[in-house]
Each structure stands twice: as structure tokens, then as C-alpha cells.
Amino acid sequence: MNNSTALLIVDAQYGFMPGGGLPVAGGHAIVPVVNRVAPRFANVVLTQDWHPRDHVSFAANHPGRQPFETISLPYGEQVLWPVHCVQGTRDAALHEGLRVDHAQLIVRKGYQRDIDSYSAFVEADRRTTTGLAAWLQARGITRLWLCGLATDYCVAWSALDARAAGFEVTVIEDACRAIDLNGSLAQAWADMAAAGVRRVDSAQI
Ligand code: VGL
Ligand code: ZN
């Protein structure tokens, strides 16, 4: 791929794979697919969900609440998750089987106690930027290919924010896996299609 294109690998962390804090079915199966496509990209960026232990998104920090319930926070509705991707733990580590030594940037997100961040671009308050759009734009990158975990949360939110920031966006479907909570996967694909996100299989690259 040319220099105006980047691969964005979202949250390919143990926490979202079998045995992790918020396991996504088949999450580990993305690793060989990502490894197959990554060499094609001169520009590679990864994200890393990176929560403090007292993070607002953890059900365990809301007495009486259970994982996958929703609560209302100052910035809107928040799904309560099992404890996952706590800073510095193995759960938060990137999968060691990823062969992406040429990656240039790791964007950590969700590190503020009171704000979650599914998106690689803008936190859940929809105001606080991670700086990623400016970083990409400063390098002349206009096209993004997305893969990772989970399709219906961090990948979809990142894809939608990337479109809003003016990037051309393609999601590599078989290099993603979903949580699929209450129809969230179908909703995510509908939202992405409506926003002009392209959807491909890795074999088409
Ligand atoms: C994610 C829920 C909570 C994700 C991260 O990576 O999709 N989902 N934190
Ligand atoms: Zn998280």
C-alpha cells in the first residue's frame, strides 16, 4: 500500500481473547489474518485499551451492578464491562504473536478514570481527542484500513470517527471479531455502511 494509507489494528490484546477479562469469541483468530495483511502496509498504527483499575466502565466499580448492564453517565449511556485491560497487566498486553514490528505508533485509550474510549480518535465524552487524526493527517495519510477487536465496539466507533474526520475507511471483516451484545453487531455494520465505510475480506486485499 502507498504512503497515504495506514493499517489501524484495534485492541489486539489478551483481554479481548479467550481467557481474557472481556473475552471475544474467536478473538485470537484475528492474529494470523492481521499478520498476513500487515506486511502490505508501510504505515501501521495499533491501539491499546488501557484502563486504570478504578475505571468507570468496570461493573465492579459500581456496587450492585453487573457486567453488560447499562448506566447513565454525564457523557451518556455507558455499558458496564467486566474488569479488562488494566494498565500494566498481561490482560492489557498486545498479543505476542502479532508480527508488526514495523508499526510506528501505539495509541492508548480509556486511561482516564471517568471517561471510556471505544474510539481510537475521540473519547466517549465525544470531545476529548486522542490526537490520532492530527498525527495521521500530519503524515499525509488519507486512507485507513481497520482490523481488530471488537468489530461492534472499538472497531466500529473508530471507523465512524475516522469517516467523520474525513478519512477513507475500509474494515477488513475477517480480521475482526465481535462482542455482539443485544444486536450491536448488525447495528454497527448498518451504521458503518451509512457512513460510507467499505467492508472487505482479507482475500480481497
Ligand atoms: C472494547 C468494550 C470495552 C473494544 C473495549 O475493544 O471493543 N469493548 N472496552
Ligand atoms: Zn475497555
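As named in an unreviewed UniProt entry, the chain is nicotinamidase, taken from Ottowia pentelensis. UniProt, in its Sequence similarities (unreviewed entry) section for the chain, records the words "Belongs to the isochorismatase family."

Participant: A description of the nonpolar core should follow, citing residues and the corresponding values.
Facilitator: Membership of the largest hydrophobic core comes to 63 residues, with the highest contact counts inside it found for Leu7, Ile9, Phe121, Leu132, Leu136, Leu144 and Val171. Those elements giving two or more residues to this core turn out to be β1 (5-10), α1 (30-37), β2 (43-49), α2 (132-138), β6 (143-149), α3 (151-164), β7 (168-177) and α4 (184-194). Per element, the largest residue contribution to this core is six residues, and it comes from α3. Excluding its chain neighbours within four sequence positions, the residues that come into contact with Ile9 are Val34, Val44, Val45, Leu46, Thr47, Val100 and Cys147. Counting five residues, the second-largest nonpolar core is a separate cluster that includes Val56, Ala59, Ile71 and Leu73.

Participant: Just give me the short version of the coordination of the zinc ion (ligand 2), but keep the residues and values in it.
Facilitator: At 2.0 to 2.2 Å from the zinc ion (ligand 2) lie its protein donor atoms, namely Asp49 (OD), His51 (NE2) and His84 (NE2). Geometry at the zinc ion (ligand 2) is irregular, judged from the four donor atoms that bind it and their angles of 86 to 169° at the metal. Spacing between the donor residues of the zinc ion (ligand 2) along their common chain follows D-x1-H-x32-H. Taken as a pair, His51 in the loop between β2 and β3 (70-73) and His84 in the loop between β4 (76-79) and β5 (105-109) lie far apart in primary sequence, 33 residues in all. For His51, a relative accessible area of 0% translates into the label buried.

About the criteria used
Residues numbered from 1 in each chain as written. Chains lettered and ligands numbered in written order. Predicted model: local features only at pLDDT ≥ 70, side-chain atom pairs only at ≥ 80, totals over all residues. Heavy atoms only, no water. UniProt positions renumbered as here; feature names shortened; annotations may be inferred. Core = buried A, V, L, I, M, F, W, Y, C linked by side-chain atoms within 4.5 Å. Buried < 20%, exposed > 50% of the residue type's maximum accessible area, 1.4 Å probe, protein only. Helix = DSSP H or I, 4+ residues; strand = E, 2+ residues; numbered from the N terminus. Contact = heavy atoms within 4.5 Å. Donors = N, O, S within 2.8 Å, 3.2 Å for Na, K, Ca; no water. Tetrahedral: all angles 85-135°; square planar, octahedral: opposite > 155°, others 65-115°.

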